[in-house]
There are 2 protein chains.
Amino acid sequence: MKPFSLEELLQEQTVTQKVKRGEVLIEQGASSFNSFYVEKGCLRGYITDSKGKEHILQFAPETWLISNSDVLANDVISLTIDAIEDSVIRVINRNQAIETNLLEKEGLISMTNKLRKHMSFLQKRILLLLSASAEERYDDFNQMYPNLANRVPQKMIASYLGITPESLSRVRKSRINGNS
Amino acid sequence: MKPFSLEELLQEQTVTQKVKRGEVLIEQGASSFNSFYVEKGCLRGYITDSKGKEHILQFAPETWLISNSDVLANDVISLTIDAIEDSVIRVINRNQAIETNLLEKEGLISMTNKLRKHMSFLQKRILLLLSASAEERYDDFNQMYPNLANRVPQKMIASYLGITPESLSRVRKSRINGNS
């Protein structure tokens, strides 16, 4: 029987790799054909703006995929990807994936479903950035990344939410006190 | 020979449909298995928040795809989709697509590439909302949607950018005067 899910295909065709907390996998601006699937730990994708401020696009805890830029999309963005915990990952090389059965029909359907799901999350995040309060954004973060709030430095969560660490501290207090 | 691009598959398997400016194709909250491919004109996807304010997630001019929610992603968002110009569209029914060769390998690769490209645009937009000035966001809008700035009401562009119409007016003046 053919393997169906992306996870099964990855187990069949890639090897695991350990990365240490703080290790940089790709630097912003570098072009790369690699994506990373996280089995354990947590990676992070972010840009540093011209003023040196970091803006986090994505956390990638267990079962998430992350890549820094998309050759098909003419490299419209390019992230730095680093490990914020000791992690175990699988590296997916795009050229290799094209040559193997990662792109057979079953793998493609699984990949397409993953992309569509991720796209919906991105769309929701845009709408939240346009319309929602800091509290609503924090609730969404917790829904999207269950249990990550206690694993990740508060400064990084504030960066992800687009608010100051002081605002985040206020939001967390209001949530702990049971306000909704 | 098998058709390769999504456009060719759509021409083979769907019919065109005319919609009038102002016509609503899907109401926010309605669940739908339809996506819309725009041949001519322009559709818009937006939410209305609890205060009655509209927030535009996406414009869909010629060659764009738009859908209101994703069943696979547990309906994390749901948009109203309407026509902001008289338009010619193709309706893609998801259940039908699964049964036909839209999901054959060639169609899937084409669809996956389109999704990845769109995902990169969404990621870039998030980073712009987190980090960029109104001017930079307006430049990005023009890059993403060439020539749309003169077709779409200014109020809608301001909503898409997450700025007030007054700020947009200031930005446009500065761009016309050649400041960058």
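Rules used throughout
Residues numbered from 1 in each chain as written. Chains lettered and ligands numbered in written order. Predicted model: local features only at pLDDT ≥ 70, side-chain atom pairs only at ≥ 80, totals over all residues. Heavy atoms only, no water. Helix = DSSP H or I, 4+ residues; strand = E, 2+ residues; numbered from the N terminus. Buried < 20%, exposed > 50% of the residue type's maximum accessible area, 1.4 Å probe, protein only. Polar contact = N/O pair within 3.5 Å; in protein donor to acceptor, adjacent residues only side chain to side chain. Contact = heavy atoms within 4.5 Å. Arc of directions from axis to C-beta. Salt bridge = Lys/Arg side-chain N within 4 Å of Asp/Glu carboxyl O. Pairing = 2+ DSSP bridges.

Novice: Describe the side chain of Asp82(A), and please don't skip the residues or the numbers.
Specialist: All names here are of chain A. Tracing the chain through its elements places Asp82 in strand β7 (residues 80-83). Residue class for Asp82 comes out buried when judged on its relative accessible area of 7%. Among the polar contacts listed, one links the side chain of Asp82 to the side chain of Arg44, at a separation of 2.7 Å. With near-sequence residues (within four places) excluded, Asp82 lies in contact with Glu23, Val24, Leu25, Cys42, Leu43, Arg44 and Tyr46.

Novice: How would you explain the environment of Leu43(A) if you had to name every residue and give the values?
Specialist: Here Leu43(A) is to be found in strand β4 (residues 43-48). Residue Leu43(A) is classed as buried on the basis of its relative accessible area, which comes to 0%.

Novice: Kindly report on helix α1 (residues 6-13) of chain B, identifying the contributing residues and their values.
Specialist: Residues and elements named next belong to chain B. Inspection of α1 places Leu6, Leu9 and Leu10 among the buried residues, and these make up the whole buried set. Buried residues of α1, viewed axially, fall in a sector of 100°; they line one side. Facing away from the buried side of α1, by more than 90 degrees, are the exposed residues Gln11 and Glu12.

Novice: Account for the pattern of salt bridges, with residues named and values stated.
Specialist: Enumeration over the complete set of coordinates arrives at 16 salt bridges over all chains. For Arg151(B), the salt bridge is made with Glu62(B), and the minimal N-O distance between the two is 3.2 Å. One end of the pair, Arg151(B), is in the loop between α4 (134-144) and α5 (154-161); the other, Glu62(B), is in the loop between β5 (54-60) and β6 (65-67), with 89 residues separating them in the sequence. Of the residues examined, Glu62(B) reaches a relative accessible area of 30% and is grouped as partly exposed. Each of the salt bridges in this network shares a partner with another, and the network as a whole consists of Arg44(A), Glu54(A) and Asp82(A).

Novice: Before we move on, can you summarise the pairing of β4(A) with the specific residues and values?
Specialist: Residues and elements named next belong to chain A. Among the six residues of β4, five are classified as buried, and the element is accordingly described as predominantly covered. The pairing of β4 with strand β5 (residues 54-60) spans six bridges and is antiparallel. Directly across from Ile47, in β5, lies its bridge partner His55. The turn linking β4 back onto β5 is made up of five residues, and Gly52 within it adopts a positive phi angle of 85°. Here β4 pairs with β7 via four bridges, running antiparallel.

Novice: Which residues make up the environment of Arg175(B), and what values do they have?
Specialist: Mapped onto the elements, Arg175(B) comes out in helix α6 (residues 165-176). A distance of 2.7 Å separates a polar atom in the side chain of Arg175(B) from a polar atom in the side chain of Asp139(B).

Novice: Can you lay out unusual backbone geometry for me, pointing to particular residues and giving the numbers?
Specialist: In the Ramachandran plot, Thr63(A) falls in the positive-phi region, its phi being about 75° despite a non-glycine side chain. One can find Thr63(A) in the loop between β5 and β6 (65-67). Despite not being glycine, Asn147(B) shows a phi value in the positive range, around 70°. As for its position among the elements, Asn147(B) is in the loop between α4 and α5. Assessed through its relative accessible area of 64%, Asn147(B) is described here as exposed.

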